[in-house]
Amino acid sequence: MSNLLDVANLTKRFGGVTAVDDCSFGVEEHSITALIGPNGSGKTTAFNMITGYLPADSGHIVFGGAKMSRPRPAQLARLGLCRTFQQARVFNQLSTRENLVAASQPSWRQLFGARSTAADREQADELLADFNLSDQADKLARELSYGQRKLLEFAAALVGSPRLILLDEPSAGVNPVMIETMERHVRSRHAAGATFLIVEHDMNLVMRLCDPIIVLDQGSPIATGTPSEIQMNSAVLDAYLGA
Amino acid sequence: MTVVRRAGLALLLTAAVLVGFVGVTHWIMNIFIFTVMYAGLATGWNLVGGFAGYTSLGHAAFFGIGAYAMDVTFEHHSIGAGYVPFAILPFIGIGVAALSIPLGWIAMRTRAATFAIVTITLLFVVQTLAFNLKSITHGSQGMGITPPPFALHTYERPFYVAMLAMLVLALLITWYVQRSKLGLALAAIRDDEDKAHGVGVHVTAVKLIAFSTSVAIASMIGAVWAYYVLFIYPQFAVDPLISIGIVLMVFLGGKGTLWGPALGALIVVPAQQYFAYELGASKLYLIAYAGLFLVIMLFLPQGIIPSLASWADRNRHRRARTLSGGQLVSPPLHELLP
Ligand SMILES: Nc1ncnc2c1ncn2[C@@H]1O[C@H](COP(=O)(O)OP(=O)(O)OP(=O)(O)O)[C@@H](O)[C@H]1O
Ligand SMILES: [Mg+2]
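Residues numbered from 1 in each chain as written. Chains lettered and ligands numbered in written order. Predicted model: local features only at pLDDT ≥ 70, side-chain atom pairs only at ≥ 80, totals over all residues. Heavy atoms only, no water.

### Comments concerning the packing of aromatic side chains
Centre-to-centre distance and the angle between the planes together describe a pair of aromatic rings. All names here are of chain B. Here the structure, examined in full by the defined rule, presents 19 aromatic pairs over all chains. Seen from their ring centres, phenylalanine 159 and tyrosine 227 are 5.3 Å apart, and the 75° between their planes marks the pair as edge-to-face. Taken together, the positions of phenylalanine 159 in helix α8 (residues 157-179) and tyrosine 227 in helix α11 (residues 203-229) put the pair 68 residues apart, joining distant regions of the chain. You can call phenylalanine 159 buried: its relative accessible area is 0%. By relative accessible area, which is 0% here, tyrosine 227 ends up buried. Between the aromatic rings of phenylalanine 251 and phenylalanine 293, the centroid separation amounts to 6.0 Å while the plane-to-plane angle is 75°, which identifies the pairing as edge-to-face. Here phenylalanine 251, found in helix α13 (residues 240-253), pairs with phenylalanine 293, found in helix α15 (residues 285-299); they are 42 residues apart in sequence, far enough to count as distant. When its relative accessible area of 14% is taken as the criterion, phenylalanine 251 is described as buried. (Phe/Tyr/Trp six-rings, centres within 6.5 Å; stacked < 30°, edge-to-face > 60°. Helix = DSSP H or I, 4+ residues; strand = E, 2+ residues; numbered from the N terminus. Buried < 20%, exposed > 50% of the residue type's maximum accessible area, 1.4 Å probe, protein only.)

### Some words on the coordination of the magnesium ion (ligand 2)
Residue and element names in this part refer to chain A. Protein coordination at the magnesium ion (ligand 2) comes from Thr44 (OG1) and Gln86 (OE1), with a distance range of 1.9 to 2.1 Å. Here glutamine 86 lies in the loop between β6 (81-83) and α3 (96-102) and threonine 44 lies in helix α1 (residues 43-50), a separation of 42 residues in the sequence. For threonine 44, a relative accessible area of 27% puts it in the partly exposed group. On the accessibility criterion, glutamine 86 (28% relative accessible area) is partly exposed. (Donors = N, O, S within 2.8 Å, 3.2 Å for Na, K, Ca; no water.)

### Things to note about the sheet that holds strand β3 (residues 32-36) of chain A
Residues and elements named next belong to chain A. An order of β6-β7-β8-β3-β9-β10 is seen for the six strands of this open sheet, with the pairing classed as mixed. Across the chains shown, the open sheet's two edge strands, defined by having one partner strand only, are β6 and β10 (220-225). Averaged over all adjacent pairs, the angle separating strand axes in this sheet is 20°, with direction ignored. As paired elements, strand β9 (residues 213-217) and β10 share five bridges and run antiparallel to each other. From the neighbouring strand, isoleucine 214 faces β10, where its bridge partner is threonine 224. Along the sheet, helix α7 (residues 176-191) contacts β3, β7 (164-168) and β8 (195-199); its crossing angle with β8, the most-contacted strand, is approximately 150°. Seen against the sheet, helix α10 (residues 234-241) touches β3, β9 and β10 and runs at an angle of roughly 135° to β10. (Pairing = 2+ DSSP bridges. Axes fitted to C-alpha atoms, helices over the stretch in contact; angles between N-to-C directions. Contact = heavy atoms within 4.5 Å.)

### Section: the site of ligand 1
Residues and elements named next belong to chain A. Close to ligand 1 lie 14 residues; Asn39, Lys43, Thr44, Thr45 and His201 are nearest. Between ligand 1 and serine 41 there is a distance of 3.2 Å, counted from an oxygen atom to a backbone nitrogen or oxygen. Considered on its own, ligand 1 offers 640 Å² of accessible surface; in the complex 60% of this is hidden by protein. Every element with two or more residues in the shell around ligand 1 is listed here: β2 (17-28) and α1. Of the residues forming the shell around ligand 1, the biggest block, three residues, is contributed by α1. Here the residues of the shell around ligand 1 sort into four nonpolar, eight polar and two charged. (Near = heavy atom within 4 Å. Polar contact = N/O pair within 3.5 Å; in protein donor to acceptor, adjacent residues only side chain to side chain. Areas by Shrake-Rupley, 256 points an atom, 1.4 Å probe, with all protein chains shown as cover. Nonpolar A, V, L, I, M, F, W, Y, C, P; charged D, E, K, R; others polar.)

### Some details on the nonpolar core
Counting residues in each nonpolar core, the largest one holds 142 residues, and the members touching the most others are Leu100(A), Phe131(A), Met37(B), Tyr38(B), Leu41(B), Met70(B) and Trp225(B). Ranked by residues supplied to this core, first place goes to α11(B) with 15 residues. Here this core spans two domains, since at least three of its residues come from each of domain 1 (1-80 + 162-243) and domain 2 (90-161) of chain A. If we ignore the near neighbours within four places in the chain, the residues touching Met70(B) are Pro85(B), Ile88(B), Leu89(B), Ile92(B), Ile145(B), Ala223(B), Ala226(B) and Tyr227(B). Counting 24 residues, the second-largest nonpolar core is a separate cluster that includes Leu5(A), Val27(A), Ala46(A) and Met68(A). (Core = buried A, V, L, I, M, F, W, Y, C linked by side-chain atoms within 4.5 Å. Domains from an automatic or database assignment.)

### Brief notes about the domain arrangement of chain A
All names here are of chain A. When cut into domains, chain A gives domain 1 (1-80 + 162-243) and domain 2 (90-161). Each of domain 1 and domain 2 has a C-alpha centre, and the two are 25 Å apart. Contacts between the two partners involve 19 residues from domain 1 and, on the opposite side, 14 residues from domain 2. Together domain 1 and domain 2 conceal approximately 1,300 Å² of surface at their shared face, both sides included; 67% is due to carbon and sulfur atoms. There are zero salt bridges connecting domain 1 and domain 2. If you look at where domain 1 meets domain 2, you find four residue pairs in polar contact (both at pLDDT 80 or more). For the side of domain 1 that touches domain 2, the secondary structure elements donating two or more residues are α2 (73-79), β7 and α7. (Buried area = accessible area lost by both parts, 1.4 Å probe. Salt bridge = Lys/Arg side-chain N within 4 Å of Asp/Glu carboxyl O.)

### Some details on the pairing of β3(A)
All names here are of chain A. Within β3, five of the five residues are buried, which leaves it mostly tucked inside the rest of the structure. The alternating pattern of β3 places Ile32, Ala34 and Ile36 on one face and Thr33 and Leu35 on the opposite face, and all of these are buried. Pairing geometry for β3 and β8, over four bridges, is parallel. Considered in β8, the bridge of isoleucine 32 is made with phenylalanine 196. Here β3 pairs with β9 via three bridges, running parallel. Residue pairing in the sheet places isoleucine 36 in a bridge with valine 215 of β9.

### Remarks on the packing of helix α2 (residues 26-51) of chain B against helix α14 (residues 260-279) of chain B
Residues and elements named next belong to chain B. Contact pair α2 / α14: the axes reach a minimum separation of 8 Å and the direction vectors enclose 145°. In the packing of α2 onto α14, the handedness of the crossing is right-handed. Contacts between α2 and α14 involve Trp27, Ile31, Phe34, Thr35, Tyr38, Ala39, Ala42, Thr43 and Asn46 from the former and Pro261, Ala262, Ala265, Leu266, Val269, Pro270, Gln273 and Tyr277 from the latter. Considered class by class, the residues forming the contact of α2 with α14 number 13 nonpolar, four polar and no charged. (Left-handed = near helix turned anticlockwise from the far one by under 90°.)

### Describing the pattern of salt bridges
Oppositely charged side chains may form a pair once their charged atoms are brought near each other. All names here are of chain A. A full pass over the atoms with the stated rule returns 15 salt bridges over all chains. In this structure, arginine 115 engages glutamate 98 in a salt bridge whose closest nitrogen and oxygen atoms are separated by 2.7 Å. Of the two residues, arginine 115 sits in the loop between α4 (108-111) and α5 (118-130) while glutamate 98 sits in helix α3, which places them 17 residues apart along the sequence. For the pair arginine 115 and glutamate 98, one class covers both residues: buried.

### Details of a nonpolar patch on the surface
All names here are of chain B. A cluster of nonpolar side chains, contributed by Leu13, Val17, Leu18, Phe21 and Val161, occupies part of the molecular surface with about 390 Å² of accessible area. The element best represented in the nonpolar patch is helix α1 (residues 3-19), accounting for three residues. Tracing the sequence through the fold places phenylalanine 21 in the loop between α1 and α2. Among the residues examined, phenylalanine 21 registers a relative accessible area of 37% and is labelled partly exposed. (Patch = residues over 30% accessible without salt bridge, like charges linked within 9 Å, V, L, I, M, F, W, Y side chains within 5 Å.)

### A word on the environment of Trp225(B)
Residues and elements named next belong to chain B. Examined against the element boundaries, tryptophan 225 turns out to sit in helix α11. A relative accessible area of 3% means that tryptophan 225 is categorised as buried. Separated by 155 residues in the primary sequence, tryptophan 225 and methionine 70 place their C-alpha atoms 9.3 Å from one another. Beyond its immediate chain neighbours, meaning those up to four positions away, tryptophan 225 contacts Phe34, Met37, Phe63, Ala67, Met163, Ile232, Phe236 and Ala237.

See below:
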């Protein structure tokens, strides 16, 4: 199968630290790929470069066949690539419902139309119900708990039905029931044709949800494989145990 | 909109128009005109400063460009005195909106404090141009318009009505923006512009729409002002104090609200004129400006209207609690203060 996303030789240095070092990997279309690695191994930095939030020192990405050495977040959103942030980022001054409407990528004409149409509200409320956020629909996002904001950001990333969704530690700070809800959504979107690239520290979640798994250490991949392959890989164990 | 609200608005508008027709002295009429002028400028500024969160200090530049556009049209095309000059306002607005798009595109690549500095630099560039493009502006000599043949005792009326029309236009645009996806996009940009890019908000376009609309309003108001004051020169027409006054009024009344900016103008301008009159030396109001700014920042960081709204909100909650038979616990003191 072909790759929906290819990462080619991405490098990022912060002063003396090389956060991501000549990093190359591919994300197969219609996979749920995990990107794991110890703290500080460069996962978030790699995400930031892939999604255009951070300019790469060198390297490029290929998304949906288009080669980009300086991707821009807006361009990627329009091409169907969406992400969430490790520290949930939502629009604090907007209501929970409006956060989803704002992410619905309106056409030019809709931009001059009603702030939220009946259709917008219906679509948003359906997602909110799914994430147990219906009671919070009219609350400002800044009034939500951290876990709720995390869920809201995840829901907002799903609104436009993107082809590729990058999640940075979706389960951190979220209660176990809601983690299951997230997992269910990942699976159902996956069944509907979406591709995922997930950074996650919860190994149980990774092992049951993702295949393949890419392991990053000190800014470059050291292993790629199925969950069982990764579990038996000695280089991975060394990286995690700091040997 | 409820019938009550609509009636209230109609009443307010009628009252505002009638104010221009009561027989008051010229200097009172002068205060009315400047109050409505600043209300319009502040309401227009709010589109970009309040909704998008881009604190522009450059609006006086566009005000001045509008003023000079008025005078230059007079000089070169002799459009005739009377009401005709008011008819060219839309053209000035459209022209300045077009001009502002490349300027805004550059300026809005910066944010926060940098944006404020870039826009105030723009203001000084425009002022310098007004000094130096002598063939157009006559430089520091200034330029004048022949006084229109309006009857002396009602001389100010047409200017008052024109300023009021600009204010109503600015309010209508604000009302519309609040209710459209433009307003939603602007709010998202104000909250987290980078995130907004990532969820596919048309960030650049929406910012430029807000900026060009906002400065077009400022330019049309500047044009009316130029016709009213009859004689303009660079420091007068392109005055940083106009920018600062606008920002002060919006902060006082409440950024990002429909009525806040106009309310701020309604408080600040008459007070300023009164103090200028009382204290004789008109520049003393600058100290009052500084003091007022300090007071707002310390006690009303959100401005009057948002503070009143959250105060009313809390009261509603309290009443709801008492009505539902719940124990009424008095809220802590800091919650009672606006
Ligand atoms: N903006 C920055 N400035 C300087 N150094 C940075 C910056 N961002 C990341 N780093 C450094 O780059 C390295 C990789 O950081 P990154 O956040 O990508 O790791 P991570 O794999 O996401 O870690 P975690 O699992 O803890 O989230 C770290 O050493 C970090 O200190
Ligand atoms: Mg990280």
